[in-house]
Amino acid sequence: DFLVYFLFIVFNIKNLYSRNGFINILGNNNYITHTNFENININGLAGNIVGGIINFDLGGNINNIKVSSGEINGNGLVGEVFTSSNLKINNIYNYANVNNTSSQQGKKSFVGGIIGNINSQGYSNNSIILNNIENYGNITVSNDNVLDVGGVLGRLQADDLNTSVYLSSIKNFGNISNSYTKKSVYPNIGGIIGTTQGGNISIDKLSNEGSVSGYKVAGGIIGLGNNTMYSDSSIGEISINNTYNNG
């Protein structure tokens, strides 16, 4: 594992086998860019937040990344993003399959083809920008502790009226399937995003071509759009343009 708090640039990485992502923590105001991954195989430990490339991103920017093949048993290419400042994620292409089959009592998690969870709760006046992102990998979940599943992003937690979220030119082609042993557990499943929580969100040119399988809460683009702020119950806005589902 790597703890990264500096400028990080590499180019081609092949045949990565690990229990954790290539980078453990990507620090705030740092970035990884122009990197190709081939044949990554990540078998995350039960109950841990695990990403194929990054386990935890503390606000570092991610640009021009391609994963051409592999299997990830974890939360996504990036396990979780926790940001207290502006965030940009651009030009990401994933062909690796994402599976979440490990369960540990009391550990709730989120799964996405690209990112499991983006969390900026407690911070305001931020902007979160996701642009030109495509997922081709299939997503399979059989973990009773997974709350949200998305073809690209499991959960988006902005939770502040002064946080602006811009999602543009994002596509999912992967199929999303799930099976749970506890029928009382019904995760929110979306072709692009499992759940949105708070913030003002602008959506443009999103599309889903993959099949979406869910028990109760499932959507072609967003499983559950909840823009009530967790902190003070105020209401944010979601604007959607040029977006469609063919799954």
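Residues numbered from 1 in each chain as written. Predicted model: local features only at pLDDT ≥ 70, side-chain atom pairs only at ≥ 80, totals over all residues. Heavy atoms only, no water.

**Comments concerning the packing of aromatic side chains**
Tallying each qualifying case throughout the model produces three aromatic pairs. Here tyrosine 95 and tyrosine 136 contribute two aromatic rings whose centre-to-centre distance is 4.4 Å and whose plane-to-plane angle is 0°, an arrangement assigned as stacked. In this pair, tyrosine 95 sits in the loop between β10 (87–94) and β11 (97–100) while tyrosine 136 sits in the loop between β14 (127–135) and β15 (139–141), placing the two residues 41 residues apart along the sequence. When its relative accessible area of 29% is taken as the criterion, tyrosine 136 is described as partly exposed. Here the aromatic residues Tyr95, Tyr136 and Phe173 are joined through ring pairs into a cluster of three or more. (Phe/Tyr/Trp six-rings, centres within 6.5 Å; stacked < 30°, edge-to-face > 60°. Helix = DSSP H or I, 4+ residues; strand = E, 2+ residues; numbered from the N terminus. Buried < 20%, exposed > 50% of the residue type's maximum accessible area, 1.4 Å probe, protein only.)

**Points about the sheet that holds strand β23 (residues 218–219)**
Each strand in a sheet pairs with its neighbour through backbone hydrogen bonds, running either in the same direction (parallel) or in the opposite one (antiparallel). An order of β12-β16-β20-β23 is seen for the four strands of this open sheet, with the pairing classed as parallel. A single partner strand is all that each edge strand has here, and the edge strands are β12 (109–112) and β23. Of the pairings in the sheet, the one linking β12 to strand β16 (residues 146–150) comprises four bridges and is parallel in character. In the sheet register, serine 109 faces β16, and the bridge partner there is valine 146. (Pairing = 2+ DSSP bridges.)

**A short note on the confidence of the model for the protein chain**
Summing up the model confidence of the protein chain, the mean pLDDT is 83 and the portion of residues at 70 or higher is 85%. The model gives residues 1–7 a pLDDT under 50, and that stretch makes 19 contacts with residues more than four places away or in other chains. (pLDDT = per-residue confidence, 0-100. Contact = heavy atoms within 4.5 Å.)

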